[in-house]
Structure formats: structure tokens, C-alpha cells
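Understanding the architecture of this molecule
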Amino acid sequence: MIHDPNKVYIFDTTLRDGEQVPGCQLDTNQKIEIAKSLELLGVDVIEAGFPVSSPGDFNSVIELSKAVTNPIICALTRANKNDIDVAADALRYAKRPRIHTGIGSSDFHIKHKFNSTREEILERAVEAVRYSKKFVEDVEFYAEDAGRADIEFLAKMVEAVIAAGATVVNIPDTNGYCLPDQYGSKILYLKENVKNIDKAIISVHCHNDLGLATANSIAGLQNGARQVECTINGIGERAGNTSMEEVVMILKTHKVLGLNTQIDATRFYEMSHMVRNQMNMPVQPNKAIVGGNAFSHSSGIHQDGFLKNRENYEIIKPEDVGFPDATIVLTARSGRHALKHHLERLGYQLEKEHLDIVYKQFLVLADSKQGINDTDLNQLVALHLA
């Protein structure tokens, strides 16, 4: 497979893994709206659903296939013929269809989920890929729970499914178990020990059970993976999936990695709000990149440094991700510089001695309130000038 060695393919699973969050189910029209926005964002692959799971998911994959043009439309299956038949049917209108099939790769899953053996699981994996190739050229294979799998068996499985025709191999840390160095080492081992690995793209799909999904995904990219499976706002099963906006902005910020995506990051804030509103899934204020406080400064030391030079306390510009603007939040921890900034914004030019008096009154008020607004500031100045 010929591809840019420095390009990272963005595989969005907001509409599949993300929608599995309790209470976040979408109807087909909502999915189409989000999918069109994901296309404008520049994602390479949209995982549109799990067609065999319900008539609604089946219909959504059909309608999304009609609605978008540029991204690959991907449908999830288990490693059985019926799932694959249904997925192939759902993808019939897709301009660039992909079947995403797979099976457990860890001994834990092989024994306790499938009550099977490594040999039988390997046969089922190969058969699923071969069968999928009868319908589409682009077949992705997921080795579920690869984060806990025996590395030699995992390498054997990856080699076998690539030989069977897999164009992408997904190495999921399904339970968010791995440390970044462990996960990165696993990807590197596959790069160095699977003889036909150059015929497929390695994909990373990390969960956030220990808060390591983004770190593990980056570790995977540093060691040779070139597709990231992620969601807007990091939503997904349990503690969530890798956050797309975090991965993309890490790659943009750390240019030394030499990796790039085709994502238009200036659409992140709008995209985040769309997903939040459609799924009724609030975003925590301190969420990286798109959280309400991501570009807010309340500490006096930080405010002073920020006002002197933005880069003292911001490594990303708000406009880089479509955020309205950085904000200086006035609290009891704010300093004179921040107060002066807001007073000047309101049109007040106070001499130092007057500013000192207003600042003392401001601190008294700020100790009794969680935040100071423009009305408070106007009243403070009015009292001083009275």
C-alpha cells in the first residue's frame, strides 16, 4: 500500500463507539449532520455504525454512505459471515467502503469470551478477512484486547490477517490497560517482527480507563502506527476513547514528530459543541482544547504573564481551534494587571493611586463572589469616583 509515511489517518468513531455511551443515541438525521461536519473537518474515515446490531444502525450506514463523499465509510462487524453480509449490504452506496472486522486476541478473551483456543481464533480471524475481501477491497482487522495480548501470538495474528488481505490492522487497547511505553513497544515489535507489515497500515484504538488513551495513541504513532481511532470530545465506552482534538493538536504543536493530518483544527470548537448538544453529553470545563476553561486565566501570576506575552501561558492560540477568545477571569486571586486590563476594556483609565484603591475594594468584593462581572466593575469605579 502506497501512502505518505508522515501522514496520520484520522479514523473517527464518534458515531459508533461514541454513540455507545448510555443516553447518547442519535437518530439517522443527527448522524448525517455530524457526518457532514466530520467531512468538512477533514477526517479520513468515518465509522458509521455496527449494521447488524439494529435496523437503525443499518439504515444509518446506508444514509451516511449517500450523504458524504470524501471520507471512507466504515462498518463494524464481528468475525462471522452474517455480520459481514449485513455490513456489505449497508455499505452498498458508499463511494469508499471499508469493512472493519475482528476478534479477541488476548488469552483472557480467547478463554473467557470465546471459550476457544488460539488456533481456532486465528482461523476465524483469517476467514473473516478473506470473506470480507469478497465484498470490499479495503478491510480493516481489529485484534480486540491487543493491549493485554501475548505479543508473539499477536504478531502471528497480524501477519496472518495481512496475508489474507487486511489493508489496516487495528491494535486496540480495549480496556485502557497499557502504559504508554508498553503500548509503544507493542507497536514497534509488530513493525520489526511482522514480515508483511509494510502491506498494511497499523491503527491505534485506545480507551481511557486509566486516563492514558491520548498518551498511548501518541506512543503508538511514535513507533510506527499511522491511523488513530478517536472521537470528538473523547466520548466513548466507559471512560471514553482517544480525543481527536487532543491528538491532532499534539501533532501540530510538536512538529519534531514530523507527523501531519489533513484536519482543519479551526473547526474543533464548533464540532465539539455540535456533538455535545446532539448527544446531550456535557464537556468538562477543564477538558483539553475544547473545555470552557481551556483558554481561561484566573491566577494573578498567570494573568500578568499572559498579558505581557500570550505565549507565557498559552502554547495554542484559541483561534487555532476555533475557540472564541482567551479570557481573563477576575477572581480573588487576580492581580492589578488583570483588573487594569478589564477596566481599560470598559473604557476606564485610572492613575496608579486610584487603581490601588479600586483594587483593594475589588479584593473585598471578590472574596465574597465566585466571579466578578462587568456590572461589578462599573459599580466599583462609580463608588470610587463618587
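Provided above is the structure to which this section pertains.
Residues numbered from 1 in each chain as written. Predicted model: local features only at pLDDT ≥ 70, side-chain atom pairs only at ≥ 80, totals over all residues. Heavy atoms only, no water.

Some thoughts on the state of the cysteines
Following the criterion strictly, the structure yields zero disulfides and no others. Free of any disulfide, Cys74 has its nearest cysteine sulfur in Cys230, 13 Å distant. The closest cysteine sulfur to the non-disulfide-bonded Cys206 is located on Cys178, 7.7 Å from its own sulfur. In this structure Cys206 comes out as buried when scored by relative accessible area, which is 0%. (Disulfide = S-S within 2.5 Å. Buried < 20%, exposed > 50% of the residue type's maximum accessible area, 1.4 Å probe, protein only.)

Points about the layout of surface pockets
A volume near 450 Å³ is recorded for the largest pocket. If you trace the largest pocket, you find 24 residues lining it, with Arg16, Leu76, Lys113, Tyr142 and Glu144 closest to the centre. Contributing elements (two or more residues each) for the lining of the largest pocket: β4 (97-104), β5 (138-144) and β6 (168-173). Ranked by residues supplied to the lining of the largest pocket, first place goes to β4 with three residues. Classifying every residue of the lining of the largest pocket by side-chain character gives seven nonpolar, nine polar and eight charged. Along its surface, the second largest pocket is lined by 24 residues, and Asn208, Asn233, Gly234, Gln284 and Lys287 are the ones closest to its centre. (1 Å grid on protein atoms, 1.4 Å probe; cavity = no way out; pocket = protein on both sides within 12 Å on 5 of 7 lines; lining within 4 Å. Points joined across faces, edges and corners; volume = space filled by probe spheres on them. Helix = DSSP H or I, 4+ residues; strand = E, 2+ residues; numbered from the N terminus. Nonpolar A, V, L, I, M, F, W, Y, C, P; charged D, E, K, R; others polar.)

Observations concerning the sheet that holds β5
What the eight strands build is a closed barrel, ordered β1-β2-β3-β4-β5-β6-β7-β8; its pairing is parallel. Strand-to-strand twist of the sheet, defined as the mean angle between neighbouring strand axes without regard to direction, takes the value 25°. In this sheet, strand β3 (residues 72-76) lies alongside strand β2 (residues 45-49) in parallel orientation, the contact comprising four bridges. Along β3, the bridge assignment pairs Val45 with Ile72. (Pairing = 2+ DSSP bridges. Axes fitted to C-alpha atoms, helices over the stretch in contact; angles between N-to-C directions.)

Regarding the environment of Lys186
Position of Lys186 among the secondary structure elements: in helix α7 (residues 180-193). With relative accessibility at 11%, the residue Lys186 sits in the buried group. Along the chain, Lys186 and Ala163 lie 23 residues apart, while their C-alpha atoms are 20 Å from each other. Apart from residues lying up to four places away in sequence, Lys186 is in contact with Ala146, Gly147, Arg148, Ala149, Ile151 and Leu154. Here the side chain of Lys186 touches Gly147 through a polar contact of 3.2 Å, landing on its backbone oxygen. (Contact = heavy atoms within 4.5 Å. Polar contact = N/O pair within 3.5 Å; in protein donor to acceptor, adjacent residues only side chain to side chain.)

Points about unusual backbone geometry
Not every positive phi belongs to a glycine, and Asn115 is a case in point at roughly 50°. Along the chain, Asn115 turns up in the loop between α4 (107-112) and α5 (118-132). On the accessibility criterion, Asn115 (71% relative accessible area) is exposed. In this model, Asn280 sits at a positive phi of 55°, which is unusual for a non-glycine residue.

So, α7
An α-helix turns once per 3.6 residues; consequently, residues spaced three or four apart project the same way. Compared with an ideal rise of 1.5 Å per residue, which puts 14 residues at 20 Å, α7 spans 20 Å between its outermost C-alpha atoms and is within 8% of the ideal. Of the positions making up α7, those classed as buried are Tyr183, Gly184, Lys186, Ile187 and Leu190. The arc that holds the buried residues of α7, viewed along the axis, is 155°, so those residues lie on one side. Looking at α7, the residues exposed on the side facing more than 90 degrees away from the buried face are Asp181 and Glu192. For α7, the secondary structure elements touched by its buried residues are α6 (151-163), β6, β7 (201-206) and α8 (213-222). (Expected span 1.5 Å × (residues − 1). Arc of directions from axis to C-beta.)

Here we look at the pattern of salt bridges
Summed over the entire model, instances satisfying the criterion amount to 25 salt bridges. One salt bridge in this structure joins Glu19 and Lys31, with 3.3 Å as the shortest N-O distance. Remark: Lys31 occurs in helix α1 (residues 28-41) and Glu19 occurs in the loop between β1 (9-12) and α1; sequence separation between them is 12 residues. Each member of the pair, Glu19 as well as Lys31, carries the same accessibility label: buried. Notably, a salt bridge pairs Arg118 with Asp107, separated by 2.8 Å at the nearest N-O pair. (Salt bridge = Lys/Arg side-chain N within 4 Å of Asp/Glu carboxyl O.)

Re the packing of aromatic side chains
The geometry of an aromatic ring pair is captured by two quantities: the separation of the ring centres and the angle between the planes. By the definition in use, this model includes three aromatic pairs. Their ring planes at 75° and their centres at 5.3 Å tell us that Tyr131 and Phe135 sit as a pair that is edge-to-face. Over the face of the ring belonging to Tyr93 we find Lys66, whose NZ or CZ atom lies 4.7 Å from the ring centre. A cation over a ring is seen here: Arg148 above Phe108, with NZ or CZ 4.9 Å from the ring centre. (Phe/Tyr/Trp six-rings, centres within 6.5 Å; stacked < 30°, edge-to-face > 60°. Lys NZ or Arg CZ within 6 Å of the ring centre and 35° of its normal.)

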